Amino acid sequence: MSILNSEKIVLASSNPGKIKEIQAILNQQTIVTQKDFNIPEAEETGSTFIENAIIKARHAALHSKLPAIADDSGLIVDALKGAPGVISARYAGEQASDQQNLDKLLLEMQAVPTALRTARFVCVIVLMRHALDPSPLIAQGSWEGSILTHAQGHNGFGYDPIFWVSTENCSSAELSPSQKNQLSHRGQALRQLAQLL
């Protein structure tokens, strides 16, 4: 028995990569995007992944009158004191492309030796049954890796081409979508959320 009264869940994202990954794992639910309701993006004013995910889920639930899921995720690089962190998608500027963000990170990591290039992707997914939900479901995942010196692979999005997955001996962008869903921070958080549901 689902804890949701609604078959549909609004996803507070217009990122096609995220939408594909989320729909693949939460395949028991009908996921619609906030774009389908012409809901504008929420302003991410939180200082943590959890705060931003709650802001986005509440915003989508408020405007759609449906349960809403939001993910806030990013890359934490130890040598950069946790940057890019919550601003991973805007690291090189408000309208920056994936490539610009990636280039900026590679530049900042230029002098960092291999042993100190540790990093992890973190994902927090929040599900709010309605905009005033006092106890949203919160799921989290973390994926350890390190930062390469140059991009490798053409799958995935964001920082995937420079995120080295030592267990697979390749970058995240060289994994198939199903392999990535098995290993990734988002895959972990989504499976946790599916269990909570």
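In what follows, the accompanying structure is described. (Residues numbered from 1 in each chain as written. Predicted model: local features only at pLDDT ≥ 70, side-chain atom pairs only at ≥ 80, totals over all residues. Heavy atoms only, no water.)

**A few points about the overall build of the chain**
A count of helical and extended segments in the chain gives five helices and seven strands. When the helices and strands of the chain are listed from N to C terminus, the series reads β-α-β-α-β-α-β-β-β-β-α-α. By the compact-globule yardstick of 16 Å for 197 residues, the chain fits well, its C-alpha radius of gyration being 17 Å. Once the C-alpha set of the chain is aligned to its principal axes, its extents read approximately 50 × 30 × 25 Å. (Helix = DSSP H or I, 4+ residues; strand = E, 2+ residues; numbered from the N terminus. Rg over C-alpha atoms; globule rule 2.2 N^0.38 Å.)

**What about the pairing of strand E5 (residues 137–147)?**
Bridging between strand E4 (residues 118–128) and E5 involves 10 bridges; their strand directions are antiparallel. From the neighbouring strand, Arg 120 faces E5, where its bridge partner is Glu 144. Summarising the sheet, E5 and strand E6 (residues 163–165) pair through two bridges and their orientation is antiparallel. Each residue of the ladder has a partner; that of Ser 146, found in E6, is Trp 164. (Pairing = 2+ DSSP bridges.)

**Section: the nonpolar core**
Nonpolar side chains in soluble globular proteins generally cluster together in the buried interior. Counting residues in hydrophobic clusters, the biggest one holds 19 residues, and the most contacted among them are Leu 75, Val 77, Leu 105 and Ile 147. Of all the secondary structure elements, the ones that give two or more residues to this core are strand E3 (68–77), helix H3 (98–108), E4, E5 and E6. Excluding anything up to four places from it in sequence, Leu 75 contacts Gly 82, Ala 83, Pro 84, Gly 85, Ser 88, Leu 105, Ala 119, Arg 120, Phe 121, Ile 147, Tyr 159 and Phe 163. Ala 12, Ala 68, Ile 76 and Ala 131 belong to the second-largest nonpolar core, a separate cluster that totals 18 residues. (Core = buried A, V, L, I, M, F, W, Y, C linked by side-chain atoms within 4.5 Å. Buried < 20%, exposed > 50% of the residue type's maximum accessible area, 1.4 Å probe, protein only. Contact = heavy atoms within 4.5 Å.)

**Topic: the sheet that holds strand E7 (residues 170–171)**
Pairing in this open sheet of seven strands is mixed, and the strands run E2-E1-E3-E4-E5-E6-E7 from one edge to the other. The sheet is open, and its two edges are formed by strand E2 (30–33) and E7, each paired on a single side.

**A closer look at the environment of Thr 33**
Following the sequence through the fold, Thr 33 ends up in strand E2. Excluding residues within four positions of it along the chain, Thr 33 makes contact with Val 10, Leu 11, Ser 13 and Ile 19.

**So, helix H2 (residues 49–64)**
Between its first and last C-alpha atoms H2 spans 22 Å; for 16 residues at 1.5 Å apiece the expected length is 22 Å, and the two agree. Along H2, the residues that are buried comprise Phe 49, Asn 52, Ala 53, Ile 54, Lys 56, Ala 57, His 59, Ala 60, Ala 61 and Ser 64. Residues of H2 that are buried make contact with strand E1 (8–11), E3, E4 and E5. (Expected span 1.5 Å × (residues − 1).)

**Description of the pattern of salt bridges**
What the rule picks out here adds up to nine salt bridges. The salt bridge involving Arg 120 is made with Asp 78; its shortest N-O contact spans 2.9 Å. Here the residue Arg 120 occupies a position in strand E4, and Asp 78 occupies one in the loop between E3 and H3, the gap between them amounting to 42 residues. Given a relative accessible area of 17%, Arg 120 falls into the buried group. Relative accessible area serves as the criterion here: at 36%, Asp 78 is assigned to the partly exposed category. Here Arg 120 ties to Glu 144 by a salt bridge, and the two come within 2.8 Å at their closest N and O atoms. Taken together, the positions of Arg 120 in strand E4 and Glu 144 in strand E5 put the pair 24 residues apart, joining distant regions of the chain. Assessed through its relative accessible area of 48%, Glu 144 is described here as partly exposed. (Salt bridge = Lys/Arg side-chain N within 4 Å of Asp/Glu carboxyl O.)

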